[in-house]
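Overview (structure and organization)
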Amino acid sequence: MATHSFLSLYQLDGAGVVVGSATSIVAESVDATLSPGDEVTMERSGSSFVFEFKHASGDGFVATLVSGSNSFPLGDYWFSDTAYGNGTVAPDDGDSYVLCFLEGTLIATPAGERPVESLAIGDAVLDAEGRALPVRWLGQRTVASRFADRAGSFPIRIGAGALGEALPRRDLYLSPAHALLLDGVLVQAGALVNGSSIRQLARPPERFTYFHIELAGHALVLAEGAAAETFVDNAARSRFDNHADYVALYGEAAAATGELAAPRVRSPRQLPAALRDRLAARAAMLDAA
């Protein structure tokens, strides 16, 4: 039986809002991965509680308590490794996608490249046209790989040079739905997977953190030298762990970022033939090197 200790357990109301919490818990699952309906047991202070797994959520998961003592009311709970307060909205379920840079990704700024996680509100980054633009917000989302939707959450590794000569300059790690501008189209990283120069990680760290850069509008920044999209508000900010920080700064109303006027490719079959052939030739060349 696989065992994992969590920092906190949060009681949720019907809308997924935290209404209570308990600390220092241990959740036990029958396997390293969970599917909807799987049983999860929790041991705390000599008592045993049985939950049914519902879906991944941020750096943990949401499950429904189906049996236990009177110390915990029946209903939905959020297991997490991050400390939150009452009123926090639990991230969306495992069907939600994330559009982010993996921690450690180097982003171009006027002062040189910086790891994405080191950026702060007000810092300037360079867009693909060389303009210095201020960061409006930096979204952060931690993923627990054992509970996450693999296809939608596990990082895509775009190997150095996979997109062209020295492009990217180093291996670039993106969430599957994060897009790069290639030959005039926005191509989500998951659509580029070829099994060689571009792969989805099969075993990412047990916990990894994505970061997303929000500017005044949807734009392209240089990530490891490649033109990658910034935050666009068709992805809910509430999916990020630090959504409360955004609300404290800007209120509940989302600022409209608009979207770049470029077609979006979400699957391999949508890749333009010329781009598909160019990337395949590039992969063959790297494999032969």
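Residues numbered from 1 in each chain as written. Predicted model: local features only at pLDDT ≥ 70, side-chain atom pairs only at ≥ 80, totals over all residues. Heavy atoms only, no water.

The subject of this paragraph is unusual backbone geometry. For the bond from L167 to P168, the omega torsion is -10°, close enough to zero to count as cis. Turning to its location among the elements, P168 is positioned in the loop between β13 (156-158) and β14 (172-174). A positive phi is found at A166, a non-glycine position, where the angle reads about 55°. Along the chain, the position of A166 falls in the loop between β13 and β14. In this structure A166 comes out as partly exposed when scored by relative accessible area, which is 45%. One non-glycine residue, E224, lies in the positive phi region at around 55°. Note that E224 resides in the loop between β19 (220-223) and β20 (226-229). (Helix = DSSP H or I, 4+ residues; strand = E, 2+ residues; numbered from the N terminus. Buried < 20%, exposed > 50% of the residue type's maximum accessible area, 1.4 Å probe, protein only.)

For any pair of aromatic rings, the description rests on two quantities: the centre-to-centre distance and the angle between the ring planes. Here the structure, examined in full by the defined rule, presents 11 aromatic pairs. Ring geometry for Y10 versus W78: centroids 5.6 Å apart, planes at 45°, classification tilted. Taken together, the residues Y10 in strand β1 (residues 2-12) and W78 in strand β6 (residues 75-80) connect sequence positions 68 residues apart. Geometrically, the ring pair formed by Y246 and Y250 is tilted, given 5.0 Å between the ring centres and 50° between the ring planes. In this pair, Y246 and Y250 both sit in helix α2 (residues 243-250), 4 residues apart, roughly one turn of the helix. Here the aromatic residues F51, F53, F61, Y77 and F79 are joined through ring pairs into a cluster of three or more. When the ring centre of Y250 is taken as reference, the NZ or CZ atom of R136 above it lies at 3.9 Å. (Phe/Tyr/Trp six-rings, centres within 6.5 Å; stacked < 30°, edge-to-face > 60°. Lys NZ or Arg CZ within 6 Å of the ring centre and 35° of its normal.)

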